[in-house]
Amino acid sequence: MTKVSVIITVLNGTKWIESCFSSILKQNVTPDFDIEIVVFDDASKDDTARQISEWKEKFQAKNMELTLVKSDFSSPKGVGYGRNVAVERCKGDWLCFQDIDDVMMPDRIRKQLEAGLQLGNNYIIGSKFTRVPQDSTFRFTKWANNLPHDKLSVQIYTSNGPTLIMPTWFMHKDVFHRVGGFCEDGKGTPEDLIFFFKHLNVGGKLHRVDEPLLEYTYHSEATSFSVKSETIDKIRLQQLIETEFNDKEKPQWKEGFMIWNAGRQGRKFYRSLPKEWQNRVTSFCDVDPKLIGTTFNHYEPELRKTLRNVPIVSYKEVTSPVIICMKLDLTDGAFEENLASLNMEEGRDFILFS
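Residues numbered from 1 in each chain as written. Predicted model: local features only at pLDDT ≥ 70, side-chain atom pairs only at ≥ 80, totals over all residues. Heavy atoms only, no water.

Here the focus is the overall build of the chain. Secondary structure summary: the chain contains 13 helices and 14 strands in total. Relative to the compact-globule value of 20 Å for 354 residues, the chain shows a C-alpha radius of gyration of 23 Å, a close match. Taken along its principal axes, the extent of the C-alpha atoms in the chain is 70 × 40 × 40 Å. Residues classed as buried in the chain amount to 51% of the 354 residues present. When contacts within the chain are restricted to residue pairs at least 6 apart in sequence, long-range pairs at least 24 apart make up 77% of them. (Helix = DSSP H or I, 4+ residues; strand = E, 2+ residues; numbered from the N terminus. Rg over C-alpha atoms; globule rule 2.2 N^0.38 Å. Buried < 20%, exposed > 50% of the residue type's maximum accessible area, 1.4 Å probe, protein only. Contact = heavy atoms within 4.5 Å.)

Take a look at the structure:
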């Protein structure tokens, strides 16, 4: 029989335990698999440990084993550390990651396990989701739920994060070990993004079950709010340079590339580049007639001089490759229409970095 381990980390989660655990208890289990729940309590100061312990009998009545692992530390070690410890203690070959503040749909484990058994041991398997409160992050939810499957491993550099959201992740334990577990740097670390990139870098695959299998809760206490945008920008830029710019099979980037957006986001991206790659930017492009035909003057205050004058051209003059620093779904379709008119292929001719 196949065993699935539900991996949960919790820090002061009393308000969420009832809804989260009830949803696990209601999973539609078939005779082909069983479920265990491994919870890491990351030094909670509230009633979390007692409440979790009280659920053991309820799970046992459904032939589910609940294991509570308490931290040996007096202060929180972070989600990455907690997940690694919980995985070490689990018995299952398949891992279902669940956040304490989310609710899984009754068929979540069954449907993701079916996908995993069919696809093999080299996939992160996610799913569509519903947002609670409804429409709290409308654009993000629309993007994550509707991204075409062939873009899951391509559109990976946007600020939205992994193309499969972490609370829906399901994987064979081989994937976890191949990556080496989660980063344990603690609060403020996007451990899911780091794991996601490492998975892709070692040849890992992605798949999404196209049904909403999770209620994903939006609230101000979520750990994602502790991660600064600057940290995420640094990680995704490093990934872009290492796996795109320095890819020997993609020499076009070293020959020179354009940046789409001569405004704030495009200039910010340019300035974040190492000097080597700044010098490979041939031009900016834009739709603003006030900018087209002018130049971006790269002035360095410390040196008190202008290092480069980069021309700004019309988007109609774009030639590949190009880094696009434009957010999707913000211009009533105008940007998307302009991009489509150029007949370029994402991943080969352009990369979204927005």
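Residues valine 132 and proline 133 are joined by a peptide bond in cis, for which omega reads 0°. Position of proline 133 relative to the elements: it lies in the loop between β6 (123–132) and α6 (138–146). A cis amide bond links serine 320 with the next residue in sequence, proline 321, at an omega value of 5°. Mapped onto the fold, proline 321 is located in the loop between β12 (305–314) and β13 (322–324).

Attention now goes to the sheet that holds strand β8 (residues 205–217). Note on sheets: strands pair through backbone hydrogen bonds, and any given pair is parallel or antiparallel. Spatially, β3-β2-β1-β4-β7-β6-β8-β5 is the arrangement adopted by the 8 strands of the open sheet, whose pairing is mixed. Every other strand in the sheet has two partners, leaving β3 (65–70) and β5 (103–104) as the edge strands with one partner each. Helix-sheet contacts for helix α8 (residues 191–201) involve β6, β7 (170–172) and β8, and the interaxial angle to β8 is about 165°. (Pairing = 2+ DSSP bridges. Axes fitted to C-alpha atoms, helices over the stretch in contact; angles between N-to-C directions.)

With that settled, the discussion passes to the pairing of strand β1 (residues 2–10). In terms of residue burial, β1 counts as a mostly covered element, since 7 of its 9 residues are buried. Sheet topology note: the β1/strand β2 (residues 33–41) ladder contains 9 bridges and is parallel. The residue of β2 that forms the bridge with valine 10 is aspartate 41. Crossover β1 to β2 through helix α1 (residues 14–25) is right-handed. Summarising the sheet, β1 and strand β4 (residues 94–97) pair through 4 bridges and their orientation is parallel. Paired with valine 4 across the bridge in β4 is tryptophan 94. (Right-handed = clockwise from strand over helix to strand, strands pointing away.)

In this structure the tally under the stated criterion is 26 aromatic pairs. Ring centres of phenylalanine 21 and phenylalanine 59 lie 5.5 Å apart, and the angle between their planes is 65°; on these two criteria the pair is classed as edge-to-face. Of the two residues, phenylalanine 21 is situated in helix α1 and phenylalanine 59 in helix α3 (residues 56–61); the sequence distance between them amounts to 38 residues. As far as the burial class goes, phenylalanine 21 and phenylalanine 59 line up, both buried. The rings of Phe97, Trp169, Phe176, Phe182 and Phe195 are connected pair by pair, giving a single aromatic cluster. Sitting over the ring of tryptophan 55, lysine 58 keeps its end group 4.1 Å from the ring centre. The ring of tyrosine 81 has lysine 77 lying over it, and the distance from NZ or CZ to the ring centre is 5.4 Å. (Phe/Tyr/Trp six-rings, centres within 6.5 Å; stacked < 30°, edge-to-face > 60°. Lys NZ or Arg CZ within 6 Å of the ring centre and 35° of its normal.)

Here we take up the packing of α8 against helix α9 (residues 229–245). For the pair α8 and α9, interaxial distance at closest approach is 11 Å and the crossing angle is 10°. In this view, α8 runs roughly parallel relative to α9, as classed from their interaxial angle. Touching Leu193, Ile194, Phe197 and Asn201 of α8 are Ile232, Ile235, Arg236, Gln239 and Thr243, all from α9. (Parallel < 35°, antiparallel > 145°, perpendicular 65-115°, else oblique.)

Okay, the pairing of β2 next. Buried residues dominate β2, accounting for 8 of its 9 residues. Pairing analysis gives 6 bridges linking β2 to β3, with the strands arranged parallel. Paired with valine 38 across the strands is threonine 67, a residue of β3.

Another aspect to go through is the sheet that holds strand β9 (residues 257–260). Strand order in the open sheet made by the 6 strands is β11-β12-β10-β9-β13-β14, with mixed pairing throughout. At either end of the open sheet lies a strand with only one pairing partner, and these are β11 (295–300) and β14 (350–352). On average, adjacent strands in this sheet sit at an angle of 25° to one another, irrespective of strand direction. Pairing of β11 with β12, which is carried by 6 bridges, proceeds in the antiparallel orientation. What sits directly across from phenylalanine 296, in β12, is valine 310. Relative to β11, helix α11 (residues 264–272) is tilted by about 45°, and along the sheet it contacts β9, β10 (281–286), β11, β12 and β13.

What follows deals with the side chain of arginine 208. Locating arginine 208 in the fold gives a position in strand β8. The class for arginine 208 is buried, based on a relative accessible area of 4%. Among the polar contacts listed, one links the side chain of arginine 208 to the backbone oxygen of leucine 147, at a separation of 2.8 Å. A distance of 2.6 Å separates polar atoms of two side chains, one belonging to arginine 208 and the other to aspartate 210. Filtering out sequence-adjacent residues up to four positions away, arginine 208 remains in contact with Gly126, Ser127, Lys128, Ala144, Asn145, Asn146, Leu147, His149, Leu152 and Leu164. (Polar contact = N/O pair within 3.5 Å; in protein donor to acceptor, adjacent residues only side chain to side chain.)

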